[in-house]
Amino acid sequence: MHYTICDVVLDLIHNSIEAGSSLVELSLIEDAKTITVVVKDNGKGMDAETLKRVQDPFYTDGEKHTARKVGLGIPFLVQLAGQVQGAWNIDSEPGIGTTVSFSLPYKHIDLPPVGDIPSCVLSAFCFSESADIAVHRFRDGSEVYSVKRSEILDAVGDLTDAQALLLAKQYLESLET
Amino acid sequence: MGKMTLEELRKLREAQKSEISKRDTAGKDITIFVGMGTCGIAAGAKTTFDTLIKAVDANGLSDKVVVKQTGCMGLCYVEPTVEVIAPGMPQTIYGKVDSATAEEIVKKHLVEHTLVEGHIYDRPAIDIVKK
């Protein structure tokens, strides 16, 4: 089980990147009652059979870990949504992409902390694959900021340098204010 | 703190770079990988990553170290895992790397060139090593 909602988000983005996406779009939508997250990618997608099986913690495509029989990312999401009476959905089409979304009520006592959003976004930007990642942050119905991995790379260069990473983090934190 | 613009970010970075280029360095030859698969994330690898970049910067190693993220290294039972490749030191995978251990790795492994005992684990599991 992931500790924060941000951890779930990072895990989903990593799935999208590993699915060979060139663009991943993350929307973080907060209002007084709920937090809604949408991760949309243009990766390889899944057929209906695979889509059913990803909820099973003992299913994995076996490509990356041939000797391993677990895949916990989506099961963690399903478990989280279930424990707080939230909702989740996955739409996917082979060759087109996948959209994973979930919505969680703030008032539920078992809702985990949201987590550190700038840190989560920075981590998402740091996976070495070339996918661009666009983040859209909404509060109470209006977009408060958006940021793209490509524009950060353009401004600070490669995100493997500690100083570049710290500056990028500072920038992402400033957007949250 | 108000919202920073991309232009401000770019300028800050350029100022940093000109400062770095004044130093005489032979390029980055140390690489640190942080495992950020489902297992790593669940065990707190994001905090480890944040601490590592702060510690690298605080020890003045920014111009020598590349910090990268990777997926699961196959050692899910000792996450968060951190692999360090540094000249003159054995290639090492550290496990159970919380913030305090991350700082210790930078201080001992990278600065003092000694291993951090109690956190040394094996090479990645056989099923994910590229043949």
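Here the structure is a predicted model, which means the values were calculated and not measured.

A few words on the sheet that holds strand S1 (residues 30–35) of chain B. Residue and element names in this part refer to chain B. Taken in spatial order, the 5 strands line up as S2-S1-S3-S4-S5 in an open sheet, and their pairing is mixed. Edge strands, defined here as strands with exactly one partner in the open sheet, are strand S2 (65–70) and strand S5 (120–121). Summarising the sheet, strand S3 (residues 82–85) and strand S4 (residues 92–94) pair through 3 bridges and their orientation is antiparallel. Each residue of the ladder has a partner; that of Val82, found in S4, is Tyr94.

Moving on to the packing of helix H4 (residues 117–126) of chain A against helix H3 (residues 45–58) of chain B. Packing of H4(A) against H3(B) brings their axes to within 10 Å, and their N-to-C directions diverge by 85°. On the basis of the axis angle, H4(A) is roughly perpendicular to H3(B). Residues A:Ser119, A:Cys120, A:Leu122, A:Ser123 and A:Cys126 of H4(A) pack against B:Lys46, B:Phe49, B:Asp50 and B:Ile53 of H3(B). Tallied by class, the residues present in the contact of H4(A) with H3(B) amount to 5 nonpolar, 2 polar and 2 charged.

Moving on: a nonpolar patch on the surface. On the surface, a cluster of nonpolar side chains totalling about 280 Å² of accessible area is made up of A:Phe58, A:Val70 and A:Leu72. With respect to the helices, strands and loops of the structure, A:Phe58 is situated in the loop between helix H2 (48–53) and helix H3 (73–83).

Basis of the calculations
Residues numbered from 1 in each chain as written. Chains lettered and ligands numbered in written order. Predicted model: local features only at pLDDT ≥ 70, side-chain atom pairs only at ≥ 80, totals over all residues. Heavy atoms only, no water. Pairing = 2+ DSSP bridges. Helix = DSSP H or I, 4+ residues; strand = E, 2+ residues; numbered from the N terminus. Axes fitted to C-alpha atoms, helices over the stretch in contact; angles between N-to-C directions. Parallel < 35°, antiparallel > 145°, perpendicular 65-115°, else oblique. Contact = heavy atoms within 4.5 Å. Nonpolar A, V, L, I, M, F, W, Y, C, P; charged D, E, K, R; others polar. Patch = residues over 30% accessible without salt bridge, like charges linked within 9 Å, V, L, I, M, F, W, Y side chains within 5 Å. Areas by Shrake-Rupley, 256 points an atom, 1.4 Å probe, with all protein chains shown as cover. Salt bridge = Lys/Arg side-chain N within 4 Å of Asp/Glu carboxyl O.

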